[in-house]
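# Per-entry structural report
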Amino acid sequence: MRSSFKNKIKMKIANILLKDIFAENYKFKYCHKSVSIKYNCSILNSEKISLSKNVKLNYGVVLQPGYWEISVGENSIINHYSCLYGDIKIGSNVMIAPHVMLAGGYHNTSRIDIPIMLQGDGSKGPIVIEDDVWIGANCVIMDGVTIGKGSVIGAGSVVTKDIQPYKIAFGNPAKIFKSRI
Ligand SMILES: CC(C)(COP(=O)(O)OP(=O)(O)OC[C@H]1O[C@@H](n2cnc3c(N)ncnc32)[C@H](O)[C@@H]1OP(=O)(O)O)[C@@H](O)C(=O)NCCC(=O)NCCS
């Protein structure tokens, strides 16, 4: 009896500690009131981030626009520990599985007389994930890549070039496996 009471108290405390983080804690460029941000997310430069209706950021997601901006369209879900870095435009109804890296930006490497970290950096353009895309677990999407509407990227892929709409692609580097239409 006593131990079940203790367990109930423990559960209450855990629920308070693990509750959704209220979006109002950040100064987003735009954030719809329905957005859900789970515990342990790391969000930097929130004034450069737009989150549309029903966007869900699951536990441990990292958003870091750097010099650029990140936008996420309606109903899109970014799952556990995925990391969005750089100039990123995500459409509506997109599903990003856990541990995905959207790796925007690059470092200049042409000189060998000074460290890479002092050579400046840039971006080839935004990473664009169009509507209704599913990106499998552990993928890396490289700087400037567009993944077309309705495409699927298989788990563990490294996407170095644009993927046309409604394709299923996977591998390193990702190649088209088949078309959905
Ligand atoms: C890409 C995917 C959708 C393809 O599914 P599918 O059409 O059912 O494909 P199959 O399982 O029939 O596999 C077809 C072939 O592709 C290979 N393959 C499938 N997915 C692969 C991947 N991610 N990487 C490398 N090869 C893959 C299979 O080994 C198989 O090869 P074979 O013909 O030589 O035996 C699926 O494999 C996938 O990666 N889903 C993502 C799962 C995920 O990340 N879930 C996280 C939770 S949301």
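That block above? That's the structure.
The structure reproduced in this document is the subject of the present report. (Residues numbered from 1 in each chain as written. Predicted model: local features only at pLDDT ≥ 70, side-chain atom pairs only at ≥ 80, totals over all residues.)

### Let's talk about the site of the ligand
Residues in contact with the ligand, as listed here, are Ala-97, Gly-136, Ala-137, Val-152, Gly-154, Ala-155, Gly-156, Ile-168, Phe-170, Gly-171 and Phe-177. For the shell around the ligand, the class distribution of residues is 7 nonpolar, 4 polar and no charged. (Near = placed C-beta within 6 Å. Nonpolar A, V, L, I, M, F, W, Y, C, P; charged D, E, K, R; others polar.)

### Overview of the sheet that holds strand E10 (residues 88-90)
Read from one edge of the open sheet, 6 strands run E1-E4-E7-E10-E15-E18, paired in parallel fashion. Taken across any chain shown, the strands that pair with only one partner, and hence form the sheet edges, are strand E1 (30-31) and strand E18 (146-147). Bridge analysis of strand E4 (residues 49-51) against strand E7 (residues 70-72) gives 3 bridges, and the strand direction is parallel. Bridge pairing links Leu-51 to Val-72 in E7. (Pairing = 2+ DSSP bridges. Helix = DSSP H or I, 4+ residues; strand = E, 2+ residues; numbered from the N terminus.)

### Brief notes about the sheet that holds strand E8 (residues 77-78)
If you walk across this open sheet you meet the 8 strands as E2-E5-E8-E11-E16-E19-E21-E22, and the pairing is mixed. Each edge of the open sheet is held by one strand with a lone partner, namely strand E2 (36-37) and strand E22 (175-179). One ladder, built from 2 bridges, connects strand E16 (residues 134-135) with strand E19 (residues 152-153); its direction is parallel. Opposite Trp-134, over in E19, you have Val-152 as the bridge partner.

### Digging into the nonpolar core
Counting 34 residues, the largest nonpolar core has Leu-102, Ile-141, Ile-147, Ile-153 and Val-159 as its most contacted members. Secondary-structure elements contributing two or more residues to this core are E4, E7, strand E9 (83-85), E10, strand E15 (127-129) and E19. Excluding its chain neighbours within four sequence positions, the residues that come into contact with Leu-102 are Leu-84, Tyr-85, Ile-88, Ile-127 and Ile-141. (Core = buried A, V, L, I, M, F, W, Y, C linked by C-beta atoms within 7 Å. Buried ≥ 20, exposed ≤ 12 C-beta atoms within 10 Å, placed from the backbone. Contact = placed C-beta atoms within 7 Å.)

### Comments concerning the pairing of strand E21 (residues 167-170)
Here E21 shows a clear split, with Lys-167 and Ala-169 buried on one side and none of Ile-168 and Phe-170 buried on the other. Both E19 and E21 contribute to a ladder of 2 bridges, which runs parallel. Paired with Val-152 across the two strands is Ile-168, which belongs to E21.

### A word on unusual backbone geometry
Cis geometry is found at the peptide bond from Asn-172 to Pro-173, where omega equals -5 degrees. For Pro-173, the position within the fold is in the loop between E21 and E22. Despite not being glycine, Asn-40 shows a phi value in the positive range, around 75 degrees. Within the secondary structure, Asn-40 is located in the loop between E2 and strand E3 (42-43). Given 14 C-beta atoms within 10 Å, Asn-40 falls into the partly exposed group. With a phi angle near 60 degrees, Tyr-81 is a residue other than glycine that sits in the positive phi range. Structurally, the position occupied by Tyr-81 is in the loop between E8 and E9. A tally of 16 C-beta atoms within 10 Å means that Tyr-81 is categorised as partly exposed.

Interpretation in functional terms is not warranted from these geometric data alone.
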